[in-house]
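Here is how the chains run, residue by residue.
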Amino acid sequence: MNQPIDFIYRHFSDIEKDDMEYIYRGEITPVIVMDILDFAKNNLAKAEDTKKLKTRIYYIMGEGLQNITRHQADSSDGDTDKEAIIVIHKKARKYIIATGNLMLKSEEAALRRKLEYINHLDASGLKEFSQKIRNDTKITAKGGASLGLIEMAKRSGNKLDYLIQSVDENLSYFYLTTEIETSGTNEQKSQEGGYSIKQLIEDHENFNKNNYTLSFKGDFNQENLLSLLSILKSGMNETPTRIKLYAVMVELLQNIVKHADNIDGTADWRAGVFYICESEENFALLAGNYIRKKYSEALAERINRLNAMDYKALTKEYNKILLNSEANDPVSTGLGFIDIRRKTGTQIEFSMREVNSDTDFFIIKTTVNKIN
Amino acid sequence: MEPLIKEATVDTPKVVLDAEKGIFMLAQMSLPEDAVDFYTPVINWITEYARNPNEKTVFDMKLDYFNTASSKQLIQILLLLQSLKDRSEVSINWYYKEIDEDMQTIGEEYSQIIDLPFTLIPIPKKDK
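Residues numbered from 1 in each chain as written. Chains lettered and ligands numbered in written order. Predicted model: local features only at pLDDT ≥ 70, side-chain atom pairs only at ≥ 80, totals over all residues. Heavy atoms only, no water.

Participant: It is not clear to me how the pattern of salt bridges should be interpreted in this structure. Could you clarify?
Facilitator: Proximity of charged atoms lets side chains of opposite charge pair with each other. Residue and element names in this part refer to chain A. Applying the stated criterion across every chain, the model contains 23 salt bridges over all chains. Measuring nitrogen to oxygen at the nearest pair gives 2.9 Å for the salt bridge that ties arginine 134 to glutamate 151. Residue arginine 134 is found in helix α5 (residues 123-135), and its partner glutamate 151 is found in helix α6 (residues 147-156); the two are separated by 17 residues along the sequence. A relative accessible area of 1% means that glutamate 151 is categorised as buried. Residues glutamate 238 and arginine 242 are paired through a salt bridge, measuring 3.7 Å at the closest nitrogen-oxygen approach. Shared partners join several salt bridges into a network, and the residues in it are Arg134, Glu151, Lys154 and Arg155. (Salt bridge = Lys/Arg side-chain N within 4 Å of Asp/Glu carboxyl O. Helix = DSSP H or I, 4+ residues; strand = E, 2+ residues; numbered from the N terminus. Buried < 20%, exposed > 50% of the residue type's maximum accessible area, 1.4 Å probe, protein only.)

Here you go:
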């Protein structure tokens, strides 16, 4: 497997209940923005924070994402490294919305000035400035003036952390992170991990290097699964490739929803991690979760057995399970894996890593070749 | 017999089972969290219908997608329909999107497993 399990595990191992991280890299359209906001809403709905805080987070996310659709520069050279990136990160009591997008170098100085000005204002200064801009009828052609950024600073209660990197003579890449103030003492908060500009750049480089277009780490449930699927649908036209990708994704994700174990033995949530990678020839889907050691060997054996089968043998096996009314749980019978093998025609790769004496971390990777 | 009608959701199909009007249909998406739970009333309805079926039963399978958990339930439905063929003229219309070769393949395979007349009906891609 190309993606090293240790790397994925390192980013996954600190996950706790109600934590989540969602990263999307690609073209940001208003439809994608709506899907991502829906996704965030689903996750927020379950968190224990107050309604007021949820509204604030949702608002800041909306501003941050719309900021990209309004201000991103078009590279139009098809280089995916230049596409925008969106990160929604929640760890303990910290919510961070992070974005990265291409911008015109000619607009860099003005943006820096704007951000520095916003960052030097205190709460009342921001309020005043926001009102002044609102009353000003001169709105830039791209809309919003700098109101989006002002509102993000005002509502988050934190400075806007940013970095602008040069891409070429005409373009720059603009990274921005906003941490949202939540309840809890300062001492508690300082002990909790955040999400820095440095991490954002690291993730962006990692996404570029591995051709990731989407990743999700958190509680796998039916709502999150449906949101992830809807992002796939919005991001691609309906083609034979997307139809296959959708089907494989459902089986992989439902496998986690139904069968992932948690390291601490709790059963009210399912920790998992999921990546989509896209290359010119194919899509690769990676799914990882904890599994009790006593099941690891049987699972590995089952996948190896299916990998050794040709299409005819897989179909025979599929029909056998389908018609066996005793075997009612298709996941434990391996029907999902057989379906994936049949639909993709490719091998299911997997890798295991010991976590402790009774738990392994297990990742599987399936490849869906693009159909022209 | 009371009809069984369910509107589609993002992960469950539209269900129309109406003996009086002679409409038997599943449509759209089927990837429920608990497939057994969702399909139990459907299977119960067909079991009840099988006691005194119409002369003719044309079942329209118009699912855009179903997951493997649903496939187990769909096979149960098809087997039930097969079991009433000496009392009713049963046939299956299997709709699939023209570009969806997997759904076409599944239709072909089910028509081999189930001893009922299957008509495979491609739906042309909609022009935008």
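Now that the structure is up, let's keep going.
Participant: What exactly am I supposed to notice about the sheet that holds strand β1 (residues 20-26) of chain A here?
Facilitator: Strands belonging to one sheet form pairs held by backbone hydrogen bonds; the direction of such a pair is parallel or antiparallel. All names here are of chain A. Pairing is antiparallel in the open sheet, where 10 strands are placed in the order β4-β5-β3-β2-β1-β6-β7-β8-β10-β9. Strands at the two margins of the open sheet, each flanked by one partner only, are β4 (161-166) and β9 (349-356). Looking at each pair of strands side by side, their axes are set apart by 10° on average, direction ignored. Two elements, β4 and strand β5 (residues 171-180), share six bridges in a ladder whose sense is antiparallel. (Pairing = 2+ DSSP bridges. Axes fitted to C-alpha atoms, helices over the stretch in contact; angles between N-to-C directions.)

Participant: Please explain the pairing of strand β3 (residues 23-30) of chain B as it appears in this structure.
Facilitator: As a general feature of sheets, a regular strand has side chains that alternate between the two faces. Residues and elements named next belong to chain B. Here β3 lies mainly inside the structure; six of its eight residues are buried. Relative to β3, strand β2 (residues 14-18) runs antiparallel, the two being bridged by five bridges. Note that in β3 the partner of lysine 14 across the bridge is alanine 27. Counting the residues in the hairpin turn of β2 and β3 gives four residues, including glycine 22, whose phi is positive at 70°. Note that the unit made of β3, helix α1 (residues 35-49) and strand β4 (residues 56-66) has a crossover that is right-handed. (Right-handed = clockwise from strand over helix to strand, strands pointing away.)

Participant: Explanation requested: the pairing of strand β6 (residues 212-219) of chain A in the structure shown.
Facilitator: Residues and elements named next belong to chain A. A large share of β6 lies buried, amounting to eight of its eight residues. Pairing analysis gives four bridges linking β1 to β6, with the strands arranged antiparallel. Its bridge partner lying in β6, tyrosine 24 is registered against leucine 214. Pairing of β6 with strand β7 (residues 271-278), which is carried by seven bridges, proceeds in the antiparallel orientation. The partner of aspartate 219 across the bridge, within β7, is alanine 271.

Participant: Teacher, can you tell me more about the packing of aromatic side chains here?
Facilitator: Inspection of the entire model under this criterion finds 22 aromatic pairs over all chains. Both rings, one in tyrosine 246 of chain A and one in tyrosine 65 of chain B, keep their centres 5.2 Å apart while their planes meet at 80°; by these two values the pair is edge-to-face. Here tyrosine 246 of chain A, found in helix α10 (residues 240-259), pairs with tyrosine 65 of chain B, found in strand β4, and the two come from separate chains. Note on accessibility: tyrosine 246 of chain A and tyrosine 65 of chain B belong to one class, buried. For the ring pair phenylalanine 24 of chain B and tyrosine 49 of chain B, a centre distance of 5.0 Å and an interplane angle of 55° mean the geometry is tilted. Linking phenylalanine 24 of chain B in strand β3 with tyrosine 49 of chain B in helix α1, this pair joins segments that are 25 residues apart in sequence. Accessibility classification places phenylalanine 24 of chain B together with tyrosine 49 of chain B in one group, the buried group. Among the aromatic residues, those joined into a ring-pair cluster are Tyr9, Phe12, Tyr290 and Phe361 of chain A. (Phe/Tyr/Trp six-rings, centres within 6.5 Å; stacked < 30°, edge-to-face > 60°.)

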